[in-house]
Amino acid sequence: MRSIEDIMVQAVAGGRDISRPQERLRLGYIGGWVSIIGNAVLALLKFAIGLASGSVAMLANAAHTASDIATSIAVIIGFKISSKGPDKQHPHGHGRVEYLVGLVVAAALAGVGLGFIWDAYRRLAGGVSMQPSTVAVAAALLSVVLKELMYRFTGALGRRIGSEALVADAWHHRSDAFTSLLVLFALGGAYLGLGWLDAASAFVVAGFIIYTGVEIACQAGNKLIGTAPSTELLGSMEQEALCVEGVLDVHDMEIHDYGMYKSVTMHIKVAGSMSLHQAHEITHLVQERLEEKFNCKAIVHPDPLSE
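Everything quoted here is computed from the prediction, not taken from an experiment.

Participant: Looking at this model, I keep getting lost on the side chain of N39. Mind explaining?
Facilitator: Assignment of secondary structure puts N39 in helix α2 (residues 21–53). Note on N39: relative accessible area 0%, which makes it buried. Setting aside anything within four residues of it in sequence, one finds N39 in contact with T65, D68, I69, S72, K147, M150 and H173.

Below you can see the structure in the form of structure tokens.
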């Protein structure tokens, strides 16, 4: 049985080839705009309820939701820049800008966690407690549900197209869902006379959010530095090359990841008795197959096999 996020992602993907840069860019924009519109609607709702009920916690939660719009805008800008092709200063394109955006969003996420810790400390030290409010409970519950759905959709979409920035933005949605849960805890604690419950749970949630931000930053940073390709990708490219008649073996393959663009260098073994023209034709066929299937720029070197 498919999950709800898979169904939502499949609906927007529409069965198109997501390995194509244009399609990946389209899905990235959809993820970013869903986040912006969803956050804007929720922030306005929370501000209205916070002002009407006099709930300071709800107003703070609204401000947190509104701040998430900035990170979603950064994601869209990152997708726009990363989609630019190669130029004189950037011969491999601008794809790694997306990893930079992932770092920025991850840093913002860690900042949210630190903010939780500071707010929790102030509540414990100052004895701040919330006043029970049915409207605030309903708004917080609605926020938890909607932000969790936004997290699942954006996260699934980010994993589907391999976007660190979208995955990081998804975790911003979940962090906002956690803040709404804290509002519910605080209200529940207020009903039961346990005013410290809100602050105590905030410390736990803050630690989880900071850990997630650091983990996303490490993943994005590793890709900026350059990580080794997966064995699955190496195997797929090798098998694709071996499908070309005349290719006897594949070796010394290197893959450099530039986001939407990959640069591939490969050596193939061909028969030593083969003419230079034949070897060139086989090399050209291998390059065409790799570039067509893996959306990359391939450079293939033929090596004659001694007989």
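From this point, the discussion proceeds with the structure in view.
Participant: Explanation requested: helix α9 (residues 276–294) in the structure shown.
Facilitator: Counting along an α-helix, one turn takes 3.6 residues, and residues three or four places apart therefore face a common direction. In this model α9 runs 27 Å from its N-terminal to its C-terminal C-alpha over 19 residues, within 8% of the 27 Å that 1.5 Å per residue would give. On the buried face of α9, the contacting elements are α8 (231–242), β2 (261–271) and β3 (296–305). Phi turns positive one or two residues past the end of α9, at N295, with a value near 50°.

Participant: Would you take a moment to explain the pattern of salt bridges for this structure?
Facilitator: Pairing of side chains with opposite charge becomes possible as their charged atoms draw close. Going through the model one piece at a time under the given rule, you end up with 5 salt bridges. A salt bridge links E148 to R152; the nearest nitrogen and oxygen atoms lie 3.2 Å apart. In this pair, E148 and R152 are both assigned in helix α5 (residues 134–161), 4 residues apart and thus about one turn of the helix distant. Between R174 and E148 there is a salt bridge, and its shortest N-O distance comes to 2.3 Å. With R174 in helix α6 (residues 164–192) and E148 in helix α5, this residue pair connects regions lying 26 residues apart in the sequence. On the basis of relative accessible area, R174 is assigned to the buried category, the value being 18%. Among the charged side chains, a network of salt bridges with common partners joins E148, R152 and R174.

Cut-offs applied
Residues numbered from 1 in each chain as written. Predicted model: local features only at pLDDT ≥ 70, side-chain atom pairs only at ≥ 80, totals over all residues. Heavy atoms only, no water. Helix = DSSP H or I, 4+ residues; strand = E, 2+ residues; numbered from the N terminus. Buried < 20%, exposed > 50% of the residue type's maximum accessible area, 1.4 Å probe, protein only. Contact = heavy atoms within 4.5 Å. Expected span 1.5 Å × (residues − 1). Salt bridge = Lys/Arg side-chain N within 4 Å of Asp/Glu carboxyl O.

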